[in-house]
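Understanding the architecture of this molecule
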Amino acid sequence: MATQKKIVRTIKINADLCNGCRACEMICSAFHALPKYSSNNPARARIRVVRHPLEDIYMPVYAGESAGAECAGRDKYVIGGKEYEECAFCRAPCPSRNEFREPDSGIPVRCDMCEGEDKPLCVKWCITDALTLEEREEEVEVVEQQEELDIGLESLVEKHGIQKLLDAVARMSSSSKIFE
Amino acid sequence: MRFAETGYNLEIDLTRGNIERVATAPEDSALYLGGLGTNAKIMWERVPPEVDAFSPDNLLVFGTGLLCGTPAIGCNRTIVTTISPQTQLLAFSMMGGFWAPELKYAGYDKVILRGKSPGLVYVWIKDDKVEIRDASHLKGKGAVETAKLLCEELKEPKAQVAAIGMAGENRVYFASIEQSRSSASRGGLGAVMGDKGVKAIVVRGTKDIHLARPAEFMHLCDEVMDYIKFRGENPIPGVIPILAVLGSPQEMAIHDEKWHTENFMWGNARVRRKDFWSEEIAREWTRTMEEMRGRLISCYNCPMHCGATISPPGKPTYMMKCFSKLTYTMAAFSDLAFGLGIAQSATEYGVDGYSAPQVMAFALELLEAGILTENDFPGMPEDSEGRFYWLLDHIVRREGIGDILANGTYWAAGQIGKGAEKYAHNNIKKQEQLPLKLSMLNPVYFLMYCTGEKLNITQIEGQFPQAAFPAREDREAFVKDWFQVPDEKFKQYFLDWEVRGEKSIPSYPTPEMCCDIVDWQERMHYIDDALGMCAGLSSFHLKAPYHIHNYPKFISSGTGFDMDEATLTKAAKRYRTLVRAINTRRGMRRKDEKPPADHWKKRFPELEKELLDTYYTFKGWNEQGIPTEETLRDLGLDYVYEEFLKRGVYSDNGAAPSQAGPAMTGKEV
């Protein structure tokens, strides 16, 4: 199978080094303001520091893909005697909570690694090195784009038979503008 | 549209339970900036000199700095002002932490409390929703404990809480307001908060703070960030460790306390222990720190590590701040383990870490001298540590002798009498100072101690080296990259300053040079206090990332105001003069402007008179330290001049009546 090279960018989060200053939240919201840096508001940030100083909990978490529905159950971690709040490590904006949503509109947000910058701004502003950027090159298999479609079609063929499927495609292509 | 600031204050009348969101005048921000500057304007306009600290008409103003909530690194301070029960003058103390930015994000620049609540309450601010809520269930609770309980009660883990402990509730004159890993401690602000019946102010904000010219502002932030990194990698040679880098790393990160323990006085600012620091003590104290210290932490948007969580054996975890690390240890002639332990109680009770230990050491001296007797201390343990815990508990509850001691050494000495006054020896304007007793008068420090209205030397000193460097080549090296100076002449002052001989203290720097040096150092602190900048990245430090050359750019690109070095210098002079005017109107005169009599062994009355005369003239104040008509008019403070005339301030020649008794004693039941 053919392979290609891909740059994988990872933010390494060393929670042990976090001093809890929340500069990452501030600069994230400033970078994503329109126009850029025109305002800031940590409540809009795509990173949040789960921060409970007296329990020594300092955990930067990044916003990931939005979840359409909440999970069937929730999780709660205890690590080294420290109990983290419910769903603390989850990256998803989710109907169950207000994290990673615009505070006014409720629109979910997601970390985009600060597109166009050398490195994410949270990393640049974290000079205590709790957040660092690691880049590596990986050989990845070239995925054949057809594959997924093939699987879908095969299941349709199995259900309806090949002729019915061909007829349906012909009907659709002659009557619908979307195939033009 | 307003930039950097929100343009709104929150006015809360506790007597009537009324809350209003009030738009502020943009012109005031341009003239007085924010924080201390606009706080002072409010105090001048609304708190006449007849108003006592514990009057409902006294205000307690929580003012965020002008640049708090912007990306400016380390800009997170709340400036709290009121009339102090202890000094009866304007009290202003700054706290870092996270509260100021949170208030900005909630949409307010200040919270102004007036009146008195009939019962104990807390204020809950969530963006546009503001409530006064019952706090009777929090009575007697610790300040840190209160913050935790309120976040849980409100289900708002991200809310920021400024709270008082038992000391504030019982109006101890040196009660603090505690918040996150910081506190506003000086001048008894916590006592006024307690008198108003407010246990805490809880804030959560989710709104935007805007910048006028974002690209320019961010470029300045990048420069500051680069300089912080540079300074961290290149400590300044030739100065003590705490001054060689930024922040205040000696607090929690550095174990070598030779300088503090051997140069500061122990007990009631009495005993110098020149050979105290030994290898054994270094080992023991390092072990203590390693056993109790958790993580090194910082305030909002700051890469420093000035604070730490501390877990003393058998006690809850708390966040240590500032020099409290050593003040209890040294007052009690004890060790670090004791100091870190009792500071946990002191933080929960909410007391000033400078005043509280000295008041306790003062009480024990009075006992030793026979002025107080065993009968005044029923049930007090025999050992020094036990005695300090006993005294602290009695002071914050105002029980027995604690009720008198809770007024601080100045007022307590007056109430006790029998010669107790001479034991209250370390005060300026009735407030306890750092326990420093030195040999030769330092003319720069003389002026700062006399005329500083922040009543805390660390909040006025910093930009200029504290002592001459012995070797000329070291001085030359020091001035080489000293771009922070407002004028090249400061380099020459320092280059010519010798350790001995003609050009050494007390006659050098000359009175004229001292004026320049004091004025520069004071100006930078006043600018920080209006912007909300931490002195640890700015005015407290030699060669800081923030200075008179980049501040005007920060302000103008942040707020959109026209600002250059001259305008900024004049603005700082304007509200600095207004602070003095408030105190002048309250009776402060030349007679009040002196260091503790025993601060230096070698004194020079003629030189000291010349220094003060020269400095008053330099500042545009008359021989009583009162701003002159010309000065006031030049600063646009004509309204101050009119008021001074009306009140006959210029004619009283220093004989202004000082109030004879403390503001009010006794605990409120």
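Residues numbered from 1 in each chain as written. Chains lettered and ligands numbered in written order. Predicted model: local features only at pLDDT ≥ 70, side-chain atom pairs only at ≥ 80, totals over all residues.

Notes on the overall build of chain B
When its secondary structure is counted, chain B shows 25 helices and 20 strands. Computed over C-alpha atoms, the radius of gyration of chain B comes to 23 Å, within 12% of the 26 Å expected from 2.2 N^0.38 for 669 residues, which places it in the range of a compact globule. With respect to the three principal axes, the spread of C-alpha positions in chain B is 60 × 60 × 55 Å. Considering only contacts within chain B whose residues lie at least 6 apart along the sequence, 70% involve residues at least 24 apart. (Helix = DSSP H or I, 4+ residues; strand = E, 2+ residues; numbered from the N terminus. Rg over C-alpha atoms; globule rule 2.2 N^0.38 Å. Contact = placed C-beta atoms within 7 Å.)

Digging into the sheet that holds strand β15 (residues 307-310) of chain B
All names here are of chain B. Strand order in the open sheet made by the 3 strands is β14-β15-β16, with antiparallel pairing throughout. With partners counted over all chains shown, the strands left at the sheet margins are β14 (293-297) and β16 (318-320), one partner each. The mean inter-strand angle of the sheet, taken between neighbouring strand axes irrespective of direction, is 30°. The pairing of β14 with β15 spans 3 bridges and is antiparallel. For I297, the partnering residue across the bridge sits in β15 and is G307. (Pairing = 2+ DSSP bridges. Axes fitted to C-alpha atoms, helices over the stretch in contact; angles between N-to-C directions.)

Looking at the interface of chain B and chain A
With 28 residues of chain B at the interface, the matching set in chain A holds 22 residues. Elements with a minimum of two residues in the side of chain B that touches chain A: β13 (209-210), α7 (214-233) and β14 of chain B. The leading source of residues in the side of chain B that touches chain A is α7 of chain B, at 5 residues. Taken together, the residues that form the side of chain B that touches chain A break down as 15 nonpolar, 8 polar and 5 charged. As judged from the 2 bridges shared by strand β2 (residues 39-40) of chain A and β13 of chain B, these two strands associate in the antiparallel manner. When the sheet's bridge partners are listed, S39 of chain A is paired in β13 of chain B with H210 of chain B. (Nonpolar A, V, L, I, M, F, W, Y, C, P; charged D, E, K, R; others polar.)

Some details on the packing of helix α11 (residues 324-331) of chain B against helix α13 (residues 355-368) of chain B
All names here are of chain B. Taken N-terminus to C-terminus, the directions of α11 and α13 make an angle of 0°; their axes are 9 Å apart at the nearest point. In terms of orientation, α11 lies roughly parallel with respect to α13. Judged by residue contacts, T327, Y328 and A331 of α11 engage P357, Q358, M360 and A361 from α13. By residue class, the composition of the contact of α11 with α13 is 5 nonpolar, 2 polar and no charged. (Parallel < 35°, antiparallel > 145°, perpendicular 65-115°, else oblique.)

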